[in-house]
Amino acid sequence: MVVLSFQPVQFPRTDCRCSVRQARVATTRCIIAEPSGVPAPLGEKTKYNDGLFAKVFMSLFARKMEKFAAKEVKKNKKKEWWEIDYENFVDVSKRVMQGRSRLQQQQAVREVLLSMLPPGAPAQFRKMFPPTKWAAEFNAALTVPFFHWLVGPSEVVEVEVNGVKQRSGVLIKKCRYLENSGCVGMCVNMCKIPTQDFFTKEFGLPLTMTPNFEDMSCEMAYGRVPPPFEEDPVAKQSCLTEMVRVAGSMANPNSKVCPKLQA
């Protein structure tokens, strides 16, 4: 998903390994509540201590997505924005998927992203960030602080784009969205494909996201054109059986390919 801010930002080091005891006033401070200060081992859900910045974005996205979500089976009292947590955000994502095909899910996310931008924002983005090495590296640097509430700790890394090495990659250590949803379909249809398409088609800056379903990491490569879905390895990805127990996901351990990728 996309989080944008055109305000001047001064970036500290991009490796987000501090613990909650070392929390900083800066926007880029870490929010992991694990004693180690790093994501929990595979098979365990990482604990986070979300601050005001994180809750604002969770609430904003959740309320925008609610428009496309199926109604809750058990009607709960509407929460105030400061009461919305990450589990609520993931629950809304799951309800957006209900009754929709793969392409319809991706279209819903696209509309949510467009609704969060002021009129003419994509055109302005294209002017400010033409598809150059500088633009790719700048957006990679922005991703680390502004996406940590959504995906967890990440760092800028070197990637190869059209035969040229550049620091326009972002390595997500253990994706919070995948970890909490436990669903390959949610990762691909609600995050990977919509985000790739939004940057590539709306903003004119190619982006390829490569999730690793074995360790839940993910590499984002700005400047690299994503492959067609049919040629992407994720198209043949099976469900995450381990996460059925951890996240209580919608995974089907008996399916060779995640059903949500076939719809």
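Cut-offs used in this document
- Sequence order sets the numbering: in each chain, residues are counted from 1 along the sequence as written.
- It should be noted that, the model being predicted, local features are given only for residues of pLDDT at least 70 and side-chain atom pairs only at 80 or more, the latter also being counted only at that level, while totals for whole chains, interfaces and linings use all residues.
- Hydrogens and water are ignored here; the side-chain numbers use all heavy atoms of the structure.
- Put simply, a nonpolar core is a bunch of buried Ala, Val, Leu, Ile, Met, Phe, Trp, Tyr and Cys residues held in one set by side-chain atoms that sit within 4.5 Å of each other.
- Partly exposed describes any residue whose relative accessible area lies between the buried limit of under 20% and the exposed limit of over 50%, with all areas from a 1.4 Å probe on protein chains only and scaled to the type maximum.
- Counting from the N terminus, the helices are the DSSP runs of H or I reaching at least four residues and the strands are the DSSP runs of E reaching at least two.
- Any Lys or Arg side-chain nitrogen found within 4 Å of a carboxyl oxygen on Asp or Glu counts as a salt bridge.
- For two strands to be treated as a pair, DSSP must find no fewer than two bridges joining them.
- Method remark: on a 1 Å grid restricted to protein atoms, a set of points is classed as a cavity if a 1.4 Å probe fits but cannot get out and as a pocket if it is open with protein on both sides within 12 Å along at least five of seven lines; lining residues have an atom within 4 Å of a point.
- Grid points are joined across faces, edges and corners, and a volume is the space filled by probe spheres set on the points.
- Each residue receives one of three labels: charged for Asp, Glu, Lys and Arg, nonpolar for Ala, Val, Leu, Ile, Met, Phe, Trp, Tyr, Cys and Pro, and polar for the others, Gly being one of them.
- Axis lines are fitted through C-alpha atoms, for helices just across the contact stretch, and the angle between N-to-C directions can take any value from 0 to 180 degrees.
- Should any heavy atoms of two residues lie within 4.5 Å, those residues are considered in contact.
- Each Phe, Tyr or Trp ring, with Trp reduced to its six-membered ring, pairs with another whose centre is within 6.5 Å; inter-plane angles below 30 degrees give stacked pairs, above 60 give edge-to-face pairs, and intermediate values give tilted ones.
- A ring is scored as having a charge over it whenever the NZ atom of a lysine or the CZ atom of an arginine sits within 6 Å of its centre and within 35 degrees of its normal.
- Values of pLDDT, which run from 0 to 100, indicate the predictor's confidence residue by residue.

**Q** Explain the nonpolar core here, please?
**A** Soluble, globular proteins show a tendency: their nonpolar side chains are buried together. In terms of nonpolar packing, the biggest core is built from 64 residues, with Phe89, Tyr177 and Tyr222 touching the most fellow members. In terms of residue count, helix α7 (residues 184-202) provides more of this core than any other element does, nine residues in total.

**Q** I keep staring at the pattern of salt bridges and nothing clicks. Help me out?
**A** Two side chains with opposite charge may pair up if their charged atoms get near one another. Under the counting rule described, the total for this entry stands at seven salt bridges. Here arginine 176 ties to aspartate 50 by a salt bridge, and the two come within 2.8 Å at their closest N and O atoms. A residue pair is termed long-range when its members are at least 10 positions apart, and arginine 176 in helix α6 (residues 176-181) and aspartate 50 in the segment before α1 (52-66) qualify at 126 residues. For arginine 176, a relative accessible area of 4% gives the class buried. Arginine 110 is paired through a salt bridge with glutamate 202; the nearest N and O atoms lie 2.8 Å apart. Taken together, the residues arginine 110 in helix α3 (residues 102-115) and glutamate 202 in helix α7 connect sequence positions 92 residues apart. For arginine 110, a relative accessible area of 30% gives the class partly exposed. Look at the salt bridges and you will find they share partners, linking Glu66, Asp91 and Arg95 into a network.

**Q** Even after reading the chapter, I still don't get the pairing of strand β4 (residues 217-222), so can you show me in this structure?
**A** It is a general feature of regular strands that their side chains alternate between the two faces of the sheet. With respect to burial, β4 is a largely interior element, five of its six residues being buried. In this sheet, β4 lies alongside strand β2 (residues 164-172) in antiparallel orientation, the contact comprising four bridges. Bridging across to β4, valine 170 finds its partner in methionine 220. Sheet analysis places strand β3 (residues 207-212) next to β4, joined by six bridges and oriented antiparallel. When the sheet's bridge partners are listed, threonine 208 is paired in β4 with alanine 221. Where β3 folds back onto β4 in an antiparallel hairpin, the turn is made up of four residues, including methionine 216, whose phi is positive at roughly 70°.

**Q** Would you mind going over the layout of surface pockets with me for this structure?
**A** Over the atoms rolls a probe the size of a water molecule, and in doing so it shows where empty space is left. In this structure, the second largest pocket spans a volume of roughly 270 Å³. For the lining of the second largest pocket, the elements supplying multiple residues, two or more each, are α3 and α7. In terms of residue count, the dominant contributor to the lining of the second largest pocket is α7 (seven residues). Across the lining of the second largest pocket, the residue classes tally to eight nonpolar, three polar and four charged.

**Q** I would appreciate a short explanation of the sheet that holds β2 in the present structure.
**A** What holds strands together in a sheet is hydrogen bonding between their backbones, with the strands either parallel or antiparallel. Strand order in the open sheet formed by four strands is β1-β2-β4-β3, with antiparallel pairing between adjacent strands. Taken across any chain shown, the strands that pair with only one partner, and hence form the sheet edges, are β1 (154-161) and β3. Here the strands of the sheet are splayed against their neighbours by 30° on average, with no regard to which way each runs. As judged from the seven bridges shared by β1 and β2, these two strands associate in the antiparallel manner. Within β2, the position partnered with valine 157 by the bridge is glycine 169. Those strands touched by helix α5 (residues 133-151) are β1, β2 and β4, and its axis lies near 5° from that of β2. Contacting β3 and β4, α7 crosses the sheet at an angle of about 160° to β3.

**Q** How should I be thinking about the packing of aromatic side chains in this particular structure?
**A** In this description, a pair of aromatic rings is defined by centroid distance and the angle of the planes. Going through the model one piece at a time under the given rule, you end up with 17 aromatic pairs. Summarising the aromatic geometry, the rings of phenylalanine 129 and tryptophan 134 are spaced 6.0 Å apart at their centres and angled 20° between planes, so their arrangement reads as stacked. Judged by relative accessible area, which is 5%, phenylalanine 129 ranks as buried. Each residue in the set Phe53, Phe57, Phe61, Tyr86, Phe89, Phe146, Trp149 and Tyr177 is aromatic and connected to the rest through ring pairs, giving one cluster. Across the ring face of phenylalanine 229, the terminal group of arginine 102 is positioned such that the distance to the ring centre comes to 4.1 Å.

**Q** Just to check I follow, could you spell out the confidence of the model for the protein chain for this structure?
**A** Any segment with low pLDDT has predicted coordinates that should not be analysed in fine detail. Averaged over the protein chain, the pLDDT score is 85; the fraction of residues at 70 or greater is 82%. Taken as a whole, residues 1-30 scores under 50 in pLDDT and shows 63 contacts with residues more than four places along the chain or in a different chain. In the predicted structure, residues 244-248 sits below a pLDDT of 50 and forms 13 contacts with residues beyond four places in sequence or in another chain.

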